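Residue-level structural notes
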Amino acid sequence: MFHAAGEPQTRRVRILLCAVLLAALALPVGSAIAKSAGPALVAIIIDDLGNNLDRGVEALNLPGPVACAILPDLHYSTPLAKRVHQAGKEVLLHLPLEPTVRKDLLGPGSLVDKMDLNSVESSLQQSLKTVPFAVAINNHMGSQYTQDDAAMDRLMDSIHILRPDLFFVDSLTTPHSVVRQTAAEYGIPSLSRDVFLDNDRSPDAINKRLDQLFHIARLHGTAIAIGHPYPETLKVLRERLKSLYKGDVRLVPLSLILALKTNVSEP
């Protein structure tokens, strides 16, 4: 098992940028944010991008630093990743991992728990090529894979070998996920989703989930939500994200949440 020996240059650059954002928000660097120290911070990820260019561009054009999680090896994966990066927003590789049910929905670049290390590494390398500029990986599906210690060990080993500058965002599709502890063993920073915005696609339900996200952030300092490029989700977010430049909740990049959660000080 390999452990990260030092911080890659690309991660150092992101940490420096986060330090600037922290200073601008007048927030202390640390593992948690006191409620009195400044605004509560939220990050939002839009998953399942890469199939439809119009929906991808709509997600990209949402107000603020919304992260775009792009599925690998689809027709629009690479051009969309380039456009997201050019817009100054964060790209995630939305990596398909084996679920407990509906395994037929996995698609290109999928990892299943029986794949050996060489197969995982080769597949991940190809997926990263089709989603350039990724700063992180988050799982698409994965309720079976992310609770399998051996499978997650092979994935984190492959990330460490290929791109140790990445961090991992656990979509938490199972309460039995071992992502956090396995990532820590390889020195790979990780975050976890707090709220799914649109399991119920009605605008009223999506608004309630956003309110829940803000409530969690006010309680704990930070919170992360995952949504999808559904017309209802995009419409609600267009209407509500503009207000997050003022008040007691701010929309920020995932990298800033990471800097706070991992107790980053100076690089």
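Quick notes on the rules
- Residues numbered from 1 in each chain as written.
- Predicted model: local features only at pLDDT ≥ 70, side-chain atom pairs only at ≥ 80, totals over all residues.
- Heavy atoms only, no water.
- Helix = DSSP H or I, 4+ residues; strand = E, 2+ residues; numbered from the N terminus.
- Buried < 20%, exposed > 50% of the residue type's maximum accessible area, 1.4 Å probe, protein only.
- Contact = heavy atoms within 4.5 Å.
- Areas by Shrake-Rupley, 256 points an atom, 1.4 Å probe, with all protein chains shown as cover.
- Salt bridge = Lys/Arg side-chain N within 4 Å of Asp/Glu carboxyl O.
- Arc of directions from axis to C-beta.
- Pairing = 2+ DSSP bridges.
- Right-handed = clockwise from strand over helix to strand, strands pointing away.
- pLDDT = per-residue confidence, 0-100.
- Core = buried A, V, L, I, M, F, W, Y, C linked by side-chain atoms within 4.5 Å.
- Polar contact = N/O pair within 3.5 Å; in protein donor to acceptor, adjacent residues only side chain to side chain.

**Observations concerning the overall build of the chain**
Along the backbone of the chain there are nine helices and nine strands. Each of the 267 residues in the chain was classed as buried or not, and the buried ones make up 52%. Of all intrachain contacts in the chain linking residues separated by at least 6 positions in sequence, the fraction that spans at least 24 positions is 75%. Total accessible area on the chain is roughly 11800 Å²; 53% of this is exposed by carbon and sulfur atoms.

**Topic: the pattern of salt bridges**
This model, assessed by the stated rule, comprises eight salt bridges. Where Asp211 meets Arg240, a salt bridge forms, and the shortest distance between an N and an O atom there is 2.9 Å. Of this pair, Asp211 sits in helix H7 (residues 203-220) while Arg240 sits in helix H8 (residues 231-240), placing them 29 residues apart in sequence. Across the pair Arg218 and Asp248 runs a salt bridge whose closest N-O atoms are separated by 2.8 Å. Of this pair, Arg218 sits in helix H7 while Asp248 is found in the loop between H8 and strand S9 (249-251), placing the two residues 30 residues apart along the sequence. Judged by relative accessible area, which is 36%, Arg218 ranks as partly exposed.

**Some remarks on H8**
Among the residues of H8, Thr233, Leu234, Val236 and Leu237 are the ones counted as buried. Looking straight down H8, one finds that the buried residues subtend no more than 165° of arc, so they occupy a single side. Among the structural elements, strand S1 (40-49), helix H2 (53-60) and H7 are those in contact with the buried residues of H8.

**Some points on the environment of Leu74**
By the secondary structure assignment, Leu74 is in the loop between strand S2 (67-70) and helix H3 (77-86). Considering only alpha carbons, one finds Leu74 and Leu49, 25 residues apart in sequence, at a separation of 9.2 Å. Beyond its immediate stretch of four places on either side in the chain, Leu74 contacts Leu49, Gly50, Asn51 and Pro108.

**With respect to the pairing of strand S8 (residues 222-227)**
Counting buried residues along S8, six of its six residues qualify, which places the element largely inside the surrounding structure. In this sheet, S8 lies alongside S1 in parallel orientation, the contact comprising six bridges. Paired with Ala43 across the two strands is Ile224, which belongs to S8. Taking the sense of rotation as the criterion, the β-α-β connection linking strand S7 (residues 195-196), H7 and S8 turns out right-handed.

**Some remarks on the confidence of the model for the chain**
When pLDDT is averaged along the chain, the result is 88; 84% of the residues meet or exceed 70. Segment residues 1-9 is flagged for pLDDT under 50; beyond a separation of four residues in sequence, or across chains, it makes 18 contacts in the model. Low pLDDT, under 50, characterises residues 28-36; the stretch is placed with 23 contacts to residues that sit more than four places away or in other chains.

**Concerning the nonpolar core**
If you look at the biggest cluster of nonpolar residues, it comprises 56 residues, and the most contacted ones within it are Val42, Ile44, Leu155, Met156, Ile159 and Leu213. Examining the composition of this core, we find that six residues originate from one element, H7, more than from any other. Grouped together as the second largest cluster of nonpolar side chains are 20 residues, Ala136, Val252, Leu256 and Leu258 included.

**Some words on unusual backbone geometry**
Of all residues except glycine, most have a negative phi; of all peptide bonds, most are trans. Its identity as a non-glycine residue notwithstanding, Asp48 has a phi of 65°, on the positive side. As for its position among the elements, Asp48 is in strand S1. Judged by relative accessible area, Asp48 falls into the partly exposed class, the value being 25%. Despite not being glycine, Arg102 has its phi angle at roughly 55°, a positive value. Of note, Arg102 is situated in the loop between strand S3 (91-97) and helix H4 (117-130).

**Thoughts on the pairing of S3**
Taking burial as the measure, the seven residues of S3 include seven buried ones, the bulk of the element. Sheet topology places S2 next to S3; three bridges connect them, and they run parallel. Pairing of Ala69 across the sheet is with Leu92, part of S3. The parallel pair S2 and S3, bridged by H3, forms a crossover whose chirality is right-handed. As a crossover connection, the stretch from S3 through H4 into strand S4 (residues 134-141) is right-handed.

**Describing H2**
Residues Gly56, Val57, Ala59 and Leu60 constitute the buried set of H2. Each buried residue of H2 lies within a common arc of 160° when the element is viewed along its axis, so the set occupies one face. The inward-facing, buried residues of H2 contact S1, S2, H3 and H8. Its side-chain oxygen at 3.0 Å from the backbone nitrogen of Asp54, Asn52 defines the N-terminal cap of H2.

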